[in-house]
Amino acid sequence: AVITAEVSGHKAEIKVHVEVPITDFVAEETEVNVLRGKSLSLKTTITPFDTSEDTKITWTSSDTKIVTVDEKGVITGIKGGNATITGTLKNGMSVQIKVTVDTILVESLSFKEESVTVLLGQNTSQAVLINPIDATETDEVVWTSSDESVALVDELGNVTGLKAGEAEITVSIN
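Bear in mind that the values here come from a model prediction, so they are computed numbers and not experimental data.

So, on to the packing of aromatic side chains. Any pair of aromatic rings gets described here by the distance separating the centres and the angle formed by the planes. The final tally for this structure, using the stated rule, is 1 aromatic pair. For the ring pair F111 and W143, a centre distance of 6.1 Å and an interplane angle of 50 degrees mean the geometry is tilted. Taken as a pair, F111 in strand 12 (residues 108-111) and W143 in strand 15 (residues 141-145) lie far apart in primary sequence, 32 residues in all. By relative accessible area, which is 15% here, W143 ends up buried.

Encoded structure:
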């Protein structure tokens, strides 16, 4: 806007810039839960909506080993636990959201087949059924063979037949 003053043919003008400051910055939820391995978008409200201030939010996590947050406020659960996400505006206003990362424990494991035949020197792998299917604690899978001279199993569950005989393959989650 321009303000003009005129007196006796003399004129003065001044440009006026009106700023609309942020009066409030709030998170829609102050506590959220997210499953390990899943993501969730955090929502905030800046008032007034037509502010002239910078509305870019800088997001940080108090513990990135539990939950991470990207530049858009999307959190991802990394492992079970609690952490705080902070969103900060350039003017210093901030919000904090307490995050609980939940886990779903494995109740049981089973093989799709009861037994399998492997030819000498050949490989095979077997599907493992996890119950419940949406379990989130499946990172530390351990495969073992009851007789590694007969059948060897690698960290991915691939079984190699080494000599004639029988071996029991076991899978567990630590």
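The strands making up a sheet are joined through hydrogen bonds of the backbone, oriented either antiparallel or parallel. Strands sit in the order 5-9-8 across an open sheet of 3 strands; the sheet is antiparallel. The open sheet is flanked by strand 5 (39-41) and strand 8 (67-69), the only strands paired with a single partner. Mean inter-strand twist for the sheet, computed between neighbouring axes without regard to direction, equals 20 degrees. Here strand 8 runs beside strand 9 (residues 74-77); their pairing, made up of 3 bridges, is antiparallel. Its bridge partner being in strand 9, V69 is matched across the sheet by I75.

One number sums up the size of the largest pocket: a volume of about 590 Å³. Lining the largest pocket are 27 residues, with V116, T117, V118, A167 and I169 sitting closest to its centre. When residues of the lining of the largest pocket are assigned to their parent elements, the largest contribution, 3 residues, is made by strand 17 (residues 158-161). In terms of residue class, the lining of the largest pocket is built from 13 nonpolar, 9 polar and 5 charged.

So, on to the environment of T138. Tracing the sequence through the fold places T138 in the loop between strand 14 (128-131) and strand 15. The contacts of T138, once residues within four sequence positions are left out, are R36, V106, I130 and I173.

For the rest of this paragraph, the subject is the environment of K38. Its location among the elements puts K38 in the loop between strand 4 (31-35) and strand 5. Between the C-alpha atoms of K38 and G121, which are 83 residues apart in sequence, the distance is 40 Å. Every residue in contact with K38, bar those within four places of it in the chain, is listed here: I75, T76 and G77.

Below, the discussion takes up the nonpolar core. Within the largest apolar cluster, 20 residues are counted, with the highest numbers of intra-cluster contacts made by L42, W59, V67, I75, I85, I97 and V99. Contributions of two or more residues to this core are made by strand 3 (24-27), strand 4, strand 8, strand 10 (81-88) and strand 11 (94-102). Top element by residues in this core is strand 11. It accounts for 4 residues. Setting aside its immediate chain neighbours within four residues, V67 contacts S61, I75, T76, G77, I78, A83, I85, V99 and V101. Judged by nonpolar contacts, the second largest core, of 7 residues, contains W143, A151, V159 and I169.

Okay, the sheet that holds strand 10 next. As summarised here, the arrangement of the 4 strands in space is 4-11-10-7, forming an open sheet in which the pairing is mixed. The open sheet terminates on both sides in strands that have one partner only, identified here as strand 4 and strand 7 (58-61). Taking the axes of each pair of neighbouring strands and ignoring which way they run, one obtains an average angle of 25 degrees across the sheet. Pairing of strand 4 with strand 11, which is carried by 5 bridges, proceeds in the parallel orientation. Paired with L35 across the strands is D102, a residue of strand 11.

Reading the values: rules and limits
Residues numbered from 1 in each chain as written. Predicted model: local features only at pLDDT ≥ 70, side-chain atom pairs only at ≥ 80, totals over all residues. Heavy atoms only, no water. Phe/Tyr/Trp six-rings, centres within 6.5 Å; stacked < 30°, edge-to-face > 60°. Helix = DSSP H or I, 4+ residues; strand = E, 2+ residues; numbered from the N terminus. Buried < 20%, exposed > 50% of the residue type's maximum accessible area, 1.4 Å probe, protein only. Pairing = 2+ DSSP bridges. Axes fitted to C-alpha atoms, helices over the stretch in contact; angles between N-to-C directions. 1 Å grid on protein atoms, 1.4 Å probe; cavity = no way out; pocket = protein on both sides within 12 Å on 5 of 7 lines; lining within 4 Å. Points joined across faces, edges and corners; volume = space filled by probe spheres on them. Nonpolar A, V, L, I, M, F, W, Y, C, P; charged D, E, K, R; others polar. Contact = heavy atoms within 4.5 Å. Core = buried A, V, L, I, M, F, W, Y, C linked by side-chain atoms within 4.5 Å.

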